[in-house]
Amino acid sequence: MGLSIPKQLLKIAGKAVIEHTLAIFERAECIDDIVVLMAPGFVPDVEKIVAKAGLTKVSQVIEGGATRNETTERAIAVLGEGLAEGEDRNLLFHDAVRPLLSQHVIAACVDALERYQAVDVAIPSADTIIVTRTHGDDGEFITDIPDRSRLRRGQTPQAFKLSTIRRAYEVAAGDPNFQATDDCSVVLKYLPDVPVHVVAGDEYNMKVTQPVDVFIADKLFQLASTAAPAQADEAAYRELLSGKTMVVFGGSYGIGADIADLARRYGATVYALGRSTTGTHVENADDVDAALAKAHAETGRVDYVVNTAGVLRIGKLAETDSATIQEALNVNYLAPVQIARASYRYLAATKGQLLLYTSSSYTRGRAEYSLYSSTKAAMVNLTQALADEWAGEGIRVNCVNPERTATPMRTKAFGEEPAGSLLSSEAVARTSLDVLLSELTGHVIDVRQQDPTRGAAEASGFEQALASVLDRHGDV
């Protein structure tokens, strides 16, 4: 990667890569204990991440070896400590730089260990694989093209019975030419009588290896956030929101008003502010300061700050007057910046969350939407920057990206549109509330209409991500 720090510590979507990965295993019900093997000299960095994130399953952070095989041998030694003779243990070895692993793959690996001693994770190869040989200075030439239908791309976790992987490495130690790129290959070569079962992986489970992977992973985190974790039932929402204070700018109507209504229903004290109802102008820093100060003075806290205020001005930039340009910049960009700055001290005290909004056009500007699209793209950058900047204070910052939504602002711009062609503002508000109650930070959360002929559970996360990309960019 060409970095001064290990890539495990690189930040993506507001957190270090390894924190994303560890959080996945922390949430996995079938995982009891986590041991981290880290590059020499960086163990304290991981220990700080673990402590700050409250990752209770992480029992040890130790230095890894100079090679993957040496690191595995250290893990085997540590995990074998304290076991009685004949006692065994299930192990999953996972690359820390695969931060998009799904829970179903973890569960499938653990389940497979009920029947098999060694388990790999792999996906079909979409590319044709060729075998080459170098001929002097003439370069490479193809010597074979294997049948692609039988080829798979290996991922992690790789799962083993401790006794099996330990025995494989013991046998391998007698080979002076021992070298392996993964642990399943050690079992395959040195314990040929042990079958290595294959569990289906998924396309999301990418490995951050090259600089371009950072960009791809960051985008996948955005697209993978289409489903913020919902609470179990109405009582859970009430328990989490009771006694909390929420300030909603742009709360007069539409999404903002619906968020305010939902939060009030679940016991939060809500200050819904708007130009037409409370005379609050988000582009006026004094109005923003006064609104936050009032909420804090009356309740003693501010837990959530939401900004749904915005203006949609459509037209060719060359034909747009200065007053319209200034209004768009003031309301859509400078106001969120001012709201963020004014909210900081209140949210730092409660370890609360700032929630902003973007538009589905943020990844690609469109003709006659230059002002709107560019300011909404700025919201994504602002979200990611502040999530990183404020992580030390425990403040979460996220951004909701609704598909076309039935709001008064949209109706004013486009008139009445066909029934069922737009998201309801209530649906966006519900997702927004789920985001506010989650531990997400630095994410752009898509809110999309479901295909009425297909349940949400039937569409894979990767399909949803691909659909989102196609929706924004057209044919790829």
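This write-up is about the structure you can find in this document. In this text, all values refer to a predicted model and were calculated from it rather than measured experimentally.

## A few points about the overall build of the protein chain
- Looking only at helices and strands, one finds 15 helices and 18 strands in the protein chain.
- Looking at the 476 residues of the protein chain, the share that counts as buried comes to 46%.
- Counted over contacts in the protein chain with a minimum sequence separation of 6, partners at least 24 positions apart contribute 72%.
- When the accessible surface of the protein chain is summed, it comes to about 23,600 Å², and 50% of that surface belongs to carbon and sulfur atoms.

## Things to note about the pattern of salt bridges
- Scanning the entire structure with this criterion turns up 14 salt bridges.
- In this structure, Lys 189 engages Asp 175 in a salt bridge whose closest nitrogen and oxygen atoms are separated by 3.8 Å. With Lys 189 in helix 6 (residues 183-190) and Asp 175 in the loop between helix 5 (162-172) and helix 6, this pair connects stretches of sequence that are 14 residues apart.
- For Lys 189, a relative accessible area of 53% puts it in the exposed group.
- The partner of Arg 313 in a salt bridge is Glu 327, and the shortest N-O contact between them spans 2.9 Å.

## Re the sheet that holds strand 13 (residues 304-307)
- Reading across from one edge, 12-11-13-14-15-18 is the order of the 6 strands in this open sheet, with parallel pairing throughout. Among the strands making up the open sheet, the edge pair consists of strand 12 (269-273) and strand 18 (444-447). Averaged over all pairs of adjacent strands, the angle between strand axes in this sheet comes to 15°, irrespective of strand direction.
- Here 5 bridges tie strand 14 (residues 353-357) to strand 15 (residues 396-402), and the two strands are oriented parallel to one another. Bridge assignment links Leu 355 to a residue of strand 15, and that residue is Asn 398.

## A word on the packing of helix 9 (residues 254-265) against helix 14 (residues 425-436)
- At a minimum axis distance of 8 Å, the contact between helix 9 and helix 14 shows a crossing angle of 55°. One finds that helix 9 runs oblique with respect to helix 14. As helix 9 packs across helix 14, the resulting crossing turns out to be right-handed. Seen from helix 9, the contacting residues are Gly 254, Ile 255, Asp 258, Ile 259, Leu 262, Ala 263 and Arg 265; seen from helix 14, they are Ser 425, Glu 426, Val 428, Ala 429, Arg 430, Ser 432 and Leu 433.
- Of the residues belonging to the contact of helix 9 with helix 14, the class tally is 7 nonpolar, 3 polar and 4 charged.

## A look at the sheet that holds strand 6 (residues 118-124)
- A sheet is described by the order of its strands in space; here 4 strands give the open sequence 5-9-6-10, paired in mixed fashion. Lying at the two open borders of the sheet, with one neighbouring strand each, are strand 5 (90-93) and strand 10 (196-200). If you compare each strand with its neighbour and ignore which way they point, the axes differ by 30° on average.
- Bridge count for strand 6 against strand 9 (residues 152-161) is 6 bridges, and the pairing is antiparallel. Its bridge partner being in strand 9, Pro 124 is matched across the sheet by Arg 152.

## Brief notes about a nonpolar patch on the surface
- Judged by side-chain polarity, Ile 130, Ile 142 and Ile 145 come together as a nonpolar surface patch covering roughly 280 Å² of accessible area.
- For Ile 142, the location among the structural elements is in strand 8 (residues 140-144).

## Some thoughts on the environment of His 20
- Looking at the secondary structure, you find His 20 in helix 1 (residues 17-27).
- Overall, the relative accessible area of 8% leaves His 20 in the buried class.
- Along the sequence, His 20 and Arg 98 sit 78 residues apart, while their C-alpha atoms lie 8.9 Å from each other.
- Discounting residues that sit within four places of it in the chain, His 20 has contacts with Ile 12, Ala 13, Lys 15, Pro 99, Phe 221 and His 443.

## Side note on the packing of aromatic side chains
- Evaluation of the coordinates by the stated rule reveals 5 aromatic pairs.
- Summarising the aromatic geometry, the rings of Tyr 169 and Phe 178 are spaced 5.9 Å apart at their centres and angled 85° between planes, so their arrangement reads as edge-to-face.
- Residue Phe 178 is classed as partly exposed on the basis of its relative accessible area, which comes to 22%.
- Seen in terms of ring centroids, Tyr 237 and Tyr 266 are 5.0 Å apart; in terms of plane orientation they differ by 20°. Their pairing is stacked. Highlighted residues: Tyr 237 in helix 8 (residues 234-241) and Tyr 266 in the loop between helix 9 and strand 12, separated in sequence by 29 residues.

Definitions and limits used
- Residues numbered from 1 in each chain as written.
- Predicted model: local features only at pLDDT ≥ 70, side-chain atom pairs only at ≥ 80, totals over all residues.
- Heavy atoms only, no water.
- Helix = DSSP H or I, 4+ residues; strand = E, 2+ residues; numbered from the N terminus.
- Buried < 20%, exposed > 50% of the residue type's maximum accessible area, 1.4 Å probe, protein only.
- Contact = heavy atoms within 4.5 Å.
- Areas by Shrake-Rupley, 256 points an atom, 1.4 Å probe, with all protein chains shown as cover.
- Salt bridge = Lys/Arg side-chain N within 4 Å of Asp/Glu carboxyl O.
- Pairing = 2+ DSSP bridges.
- Axes fitted to C-alpha atoms, helices over the stretch in contact; angles between N-to-C directions.
- Parallel < 35°, antiparallel > 145°, perpendicular 65-115°, else oblique.
- Left-handed = near helix turned anticlockwise from the far one by under 90°.
- Nonpolar A, V, L, I, M, F, W, Y, C, P; charged D, E, K, R; others polar.
- Patch = residues over 30% accessible without salt bridge, like charges linked within 9 Å, V, L, I, M, F, W, Y side chains within 5 Å.
- Phe/Tyr/Trp six-rings, centres within 6.5 Å; stacked < 30°, edge-to-face > 60°.

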